[in-house]
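Chain and residue survey
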Amino acid sequence: MQTPKDPLENLLDRWGQATPSPEHLEPEVWRRIAVADEDEAPSFFARVKTVFARPSFSIAFAVACVSLGLFLTELRISHQQTQHNRQLVQSYLRLVDPLLDAYPATPAANSVEKLDALLAWMKNDLGLNEQQLARIKDVHEQLSPRLLALAGQVAQMQRAFTEFEKERRSEGQVDFLEFARYVEQRRELDRECTESTRRLIAEASDVMTPKQRKQYLQLLDPALRTTGSGSL
Amino acid sequence: MTPYPDNDNADLQALQHGDDTALNRLMARWQKPLFAFAWRYLHNTSDAQDLVAEVFVRLYQQNHRLAPDTRLSAWLFTILSNLCHNHHRWRRRHPSVSLDASERQDGPQASSMANNVPHDSLAPDRTLEHAEALAAMANAIDRLPHDLKTSLLLHHYEHLGYREISQITGCSERGVETRLYRARQYLRTELSSFLRETVQP
């Protein structure tokens, strides 16, 4: 005896047999694709979205962004370091060249602290050992009183020049003999300042190795050129 | 679900690498089962062809978003079932007279049945009964909720397993089983009078 088939399954089977055959869809599909391509020229954001849908590209982009960020950070740090070094060099030059710091606003105690800070920078930057540092500190401490005195004289002479200028403007004339003496004194003072600074730099350089000396003079060179003290 | 998963993946990768002829191969392979599903869902030939064409257009436009190991058959049926659902809802809200009048007015089988049912073996009164049963079946399936209808059509006609249907419909395998049971129960209730008559000895 044959097992009766589920009537519902039987009816479903017979209903399913009535399905018509599809027409060839290829021409219609390609026509729609062509129309869509023409109508929807991909916008910038759509292109970006398509490109970033590829994992390889999105990963590469992320890596490139991180690399660029690191590079820019490094560049910024390097720039800041350069600026800081330049400021330190300028500070050092003002400390050793009375002509650059004719109006010392800082008292002597601050100058000592400033000197310590600058020497700490020199130690790191030039790789000085403790003995070299101590010797260079001695040199600076020995010559500093003289340099400070010279800076005071420079400031005094600048004030005298201001008086000459005021007199010239108010009275329309100056005492040429007195002014000639002033010029002579100023030349002498400038020469003495330059000599003192040269001596300090030379004595400090003597403590250093040739490599350190070269680096030391290279550090001072740009600042010396910008301040017009190239003769040092 | 499909006897050609390797071919599908190869063609999908070819399409992703710019080989447009791969789409022709995929269409040749899948347009018939997709069309059959859409036709059974919508009971309208031109709508079914329109939606199947849309599925392939989307496949072409979105192929770069698919992973190379995507189960393409599941993706195609997912898109198509969603399109059918949307179209069916739209058609309910915008009723119109189909140019394919015989399909809509007399049921989807009324016209095609005359060519498909072997009426040589049946008496005229039996032929009429069969036609009525098939029309009632079409109407009952048309009234099934989307989830039940999709599960039933994919399982009975496309011979998909619970796992594959669950991938397409987005529910669990147990959920698919429940939906199939409910769909059959609904049809048994709706077609009870016809089912008694169609029992074969």
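Residues numbered from 1 in each chain as written. Chains lettered and ligands numbered in written order. Predicted model: local features only at pLDDT ≥ 70, side-chain atom pairs only at ≥ 80, totals over all residues.

Examining the overall build of chain A
Within chain A, the regular secondary structure consists of 8 helices and 0 strands. Along its sequence from the N terminus, chain A presents helices and strands in the succession α-α-α-α-α-α-α-α. For chain A, the proportion of its 232 residues judged to be buried stands at 15%. (Helix = DSSP H or I, 4+ residues; strand = E, 2+ residues; numbered from the N terminus. Buried ≥ 20, exposed ≤ 12 C-beta atoms within 10 Å, placed from the backbone.)

Things to note about the overall build of chain B
If you tally the helices and strands in chain B, you get 11 helices and 0 strands. Mapped from its N terminus to its C terminus, chain B presents α and β elements in the order α-α-α-α-α-α-α-α-α-α-α. For chain B, with 201 residues in total, the buried portion stands at 38%. For chain B, contacts bridging at least 24 residues in sequence account for 65% of all contacts bridging at least 6. (Contact = placed C-beta atoms within 7 Å.)

Regarding helix 9 (residues 162-169) of chain B
Residue and element names in this part refer to chain B. Buried within helix 9 are the following residues: Glu164, Ile165, Ser166, Gln167 and Ile168. Packed against the buried residues of helix 9 are helix 4 (72-93), helix 8 (146-156) and helix 10 (173-190). Looking one or two places after helix 9, you find Gly170, whose phi comes out positive at around 75°.

Focus on the interface of chain A and chain B
Contact residues are listed per partner, giving 26 residues for chain A and 37 residues for chain B. Where the side of chain A that touches chain B is concerned, the elements lending two or more residues are helix 1 (7-16) and helix 2 (26-39) of chain A. Here the side of chain A that touches chain B takes 8 residues from helix 1 of chain A, the largest share from any one element. Of the residues contributing to the side of chain A that touches chain B, the split by class is 14 nonpolar, 5 polar and 7 charged. (Nonpolar A, V, L, I, M, F, W, Y, C, P; charged D, E, K, R; others polar.)

Some remarks on the environment of Leu88(A)
In this structure, Leu88(A) sits in helix 4 (residues 55-96). C-alpha of Leu88(A) to C-alpha of Ala117(A): the two residues are 29 residues apart in sequence and 9.3 Å apart in space.

Overview of unusual backbone geometry
Residue and element names in this part refer to chain B. The phi dihedral of His43 falls on the positive side, at around 60°, and the residue is not glycine. In this structure, His43 sits in the loop between helix 2 (21-42) and helix 3 (45-62). Residue class for His43 comes out buried when judged on the 21 C-beta atoms lying within 10 Å of it. Here the phi dihedral of His159 falls at roughly 55°; this positive angle occurs in a residue that is not glycine.

Brief notes about the confidence of the model for chain B
Residues at a pLDDT of 70 or more form 79% of chain B, whose mean pLDDT is 83. Here residues 101-119 of chain B scores under 50 on pLDDT; set against residues more than four positions off or in separate chains, the count is 32 contacts. (pLDDT = per-residue confidence, 0-100.)

Quick word on the nonpolar core
Of all hydrophobic cores here, the largest spans 56 residues; its most connected members are Leu34(B), Ala38(B), Val52(B), Val55(B), Phe56(B), Leu80(B) and Met137(B). It is helix 2 of chain B that contributes the most residues to this core, 13 residues altogether. In contact with Phe56(B), not counting residues within four places along its chain, are Leu25(A), Val29(A), Leu23(B) and Met27(B). (Core = buried A, V, L, I, M, F, W, Y, C linked by C-beta atoms within 7 Å.)

What to know about helix 10 of chain B
All names here are of chain B. Here helix 10 spans 26 Å end to end across 18 residues, near enough to the 26 Å set by a 1.5 Å rise per residue. Where helix 10 is concerned, the buried positions are Val176, Arg179, Ala183 and Leu187. An end-on view of helix 10 places all buried positions within 65° of arc, on one side of the element. For helix 10, the exposed residues lying more than 90 degrees away from the buried face are Arg174, Tyr181, Gln185 and Thr189. (Expected span 1.5 Å × (residues − 1). Arc of directions from axis to C-beta.)

Considerations on the packing of helix 8 of chain B against helix 10 of chain B
All names here are of chain B. At a closest axis distance of 8 Å, the pairing of helix 8 and helix 10 adopts a crossing angle of 95°. Here helix 8 lies roughly perpendicular to helix 10, going by the angle between them. Of the residues in helix 10, those in contact with Asp147, Leu148, Ser151, Leu152 and His155 of helix 8 are Val176, Arg179, Leu180, Arg182, Ala183 and Tyr186. Looking at side-chain class alone, the contact of helix 8 with helix 10 contains 6 nonpolar, 2 polar and 3 charged residues. (Axes fitted to C-alpha atoms, helices over the stretch in contact; angles between N-to-C directions. Parallel < 35°, antiparallel > 145°, perpendicular 65-115°, else oblique.)

Quick notes on the environment of Pro98(A)
Residues and elements named next belong to chain A. Its location among the elements puts Pro98 in the loop between helix 4 and helix 5 (108-126). Residue Pro98 is classed as buried on the basis of its 26 C-beta neighbours within 10 Å. Pro98 has contacts with Leu147, Leu150, Ala151, Val154 and Cys193, leaving out every residue within four places of it along the chain.

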